[in-house]
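Chain by chain, the residues run as shown.
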Amino acid sequence: MTLQIGNITLENRLFVAPMAGVTDRPFRMLCRQLGAGYAVSEMVTSRKELWGSLKTSRRADHAGEPGPISVQIAGTDAAMMAEAAQYNIDRGAQIIDINMGCPAKKVCNKWAGSALMRDEPLALQIVEAVVAAAAQHGVPVTLKMRTGWSDDRRNAVKLARDFEAAGVQMLTVHGRTREQGYKGAAEYDTIAAVKAAVRVPVVANGDVTSPEKARDVLAATGADAVMIGRRAGPSVDFSRDRAFFKDR
Ligand SMILES: Cc1cc2nc3c(=O)[nH]c(=O)nc-3n(C[C@H](O)[C@H](O)[C@H](O)COP(=O)(O)O)c2cc1C
């Protein structure tokens, strides 16, 4: 079953998650060959001074990659993030994904990634600036976040509504808070609440480790797709998952 993001059609509803240091272009192409409907790039920094570095220039190179080309950007400043969107669109990005899910210190100390969920006005400002920049090229903007900053600040639903109103066209939610890191089990109630609160497609992420689990997560959340991260190791075969989902 296909899924629509703006004017882009995704082949199916099994996605491979962006993973810095893992989902480089060859890895994404392999996952696509194995049946993933969609693969997001590793995050690209919005810090201009790093765009010339080998790491970032490789991340912004999509030669030979099947579309849609989706590039995830990370940063803390609205104007810089808008410029990063423009830079990657110029290099072939057909979808821009905003990172509000990464818990890494390297990212969060600078208030990027999931740390942005703690500063709702700034998060919204960034989204508005990126949407405005991408809209000039007809490029849809998507966003990946967690369920909240901490157990008592689970604000994914509020943010999802704000982001949708600001023009975000798909939302991915990892079922953990920033505070949890990767500890404990992903919870899916908040993802279900996000799905119920918005009209744009919602992607469930976190601890999807088998076709059966993917089916259960889709059922529990009502989400439009699942995104698979750590389980997408060397043995991943999305076509097996896709076969499992046929007619379900
Ligand atoms: C090595 C590694 C790198 C990651 N890098 C990113 C990233 O660049 N951007 C992002 O949004 N999430 C990143 N994540 C988070 C994953 O996309 C995903 O949300 C998380 O691993 C939960 O899904 P899973 O349980 O299927 O692994 C990373 C995760 C791992 C393990």
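Each value, and the rule that gives it
Residues numbered from 1 in each chain as written. Predicted model: local features only at pLDDT ≥ 70, side-chain atom pairs only at ≥ 80, totals over all residues. Helix = DSSP H or I, 4+ residues; strand = E, 2+ residues; numbered from the N terminus. Contact = placed C-beta atoms within 7 Å. Near = placed C-beta within 6 Å. Nonpolar A, V, L, I, M, F, W, Y, C, P; charged D, E, K, R; others polar. Buried ≥ 20, exposed ≤ 12 C-beta atoms within 10 Å, placed from the backbone. Pairing = 2+ DSSP bridges. Right-handed = clockwise from strand over helix to strand, strands pointing away. Core = buried A, V, L, I, M, F, W, Y, C linked by C-beta atoms within 7 Å. Axes fitted to C-alpha atoms, helices over the stretch in contact; angles between N-to-C directions. Parallel < 35°, antiparallel > 145°, perpendicular 65-115°, else oblique. Left-handed = near helix turned anticlockwise from the far one by under 90°.

A few points about the overall build of the protein
- Each helix and strand counted, the protein has nine helices and ten strands in total.
- In the protein, 67% of the contacts between residues at least 6 apart in sequence involve partners at least 24 apart.

Some points on the site of the ligand
- Neighbouring the ligand are 22 residues; A17, M19, A20, G229 and R230 lie closest to it.
- Looking at the shell around the ligand, its residues break down into nine nonpolar, eight polar and five charged.

Observations concerning the pairing of strand β10 (residues 225-228)
- Where burial is concerned, the two faces of β10 agree: the one with A225 and M227 and the one with V226 and I228 are both buried.
- One ladder, built from three bridges, connects strand β3 (residues 14-16) with β10; its direction is parallel. Note that in β10 the partner of V16 across the bridge is I228.
- Where strand β9 (residues 202-205) meets β10, three bridges bridge the pair, whose relative direction is parallel. Bridged to A204 within β10 is V226.
- Following the chain from β9 across helix α8 (residues 211-221) to the adjacent parallel β10, one finds a crossover that is right-handed.

Some details on the nonpolar core
- The biggest cluster of nonpolar side chains holds 66 residues, and the ones touching the most others in it are F15, I73, A85, I96, V130 and V226.
- No other element matches the seven residues that helix α5 (residues 120-135) contributes to this core.
- Apart from residues no more than four positions distant in its own chain, I73 is found in contact with M43, V44, S46, M81, A84, A85, N88, I96, I98 and N99.

Considerations on the pairing of strand β6 (residues 95-100)
- Most of β6 is tucked away: six of the six residues are buried.
- Alternating residues of β6 divide into I95, D97 and N99 and I96, I98 and M100, and every residue in both groups is buried.
- Sheet topology note: the strand β5 (residues 70-74)/β6 ladder contains four bridges and is parallel. The partner of Q72 across the bridge, within β6, is D97.
- Here β6 pairs with strand β7 (residues 141-148) via five bridges, running parallel.

Here's the deal with the sheet that holds strand β8 (residues 170-177)
- Pairing in this closed barrel of eight strands is parallel, and the strands run β3-β4-β5-β6-β7-β8-β9-β10 around the ring. Averaged over all pairs of adjacent strands, the angle between their axes in this sheet comes to 30 degrees, without regard to strand direction.
- Helix α3 (residues 78-90) contacts β4 (38-45), β5 and β6 of the sheet and is inclined by roughly 155 degrees relative to β5.
- The sheet contacts of helix α7 (residues 189-197) involve β7, β8 and β9, and relative to β8 the element is tilted by about 155 degrees.

Examining the packing of α3 against α5
- Interhelical geometry of α3 versus α5 gives an angle of 30 degrees and a closest axis separation of 8 Å. Considering their axes alone, α3 and α5 lie roughly parallel with respect to each other. Every pair of crossing elements has a handedness; the one defined by α3 and α5 is right-handed. Together, A78, A79, M81, A82, A85, Q86 and I89 of α3 and Q125, I126, A129, V130, A132, A133 and A134 of α5 make up the contact between the two elements.
- A class-by-class count of the residues in the contact of α3 with α5 yields twelve nonpolar, two polar and no charged.

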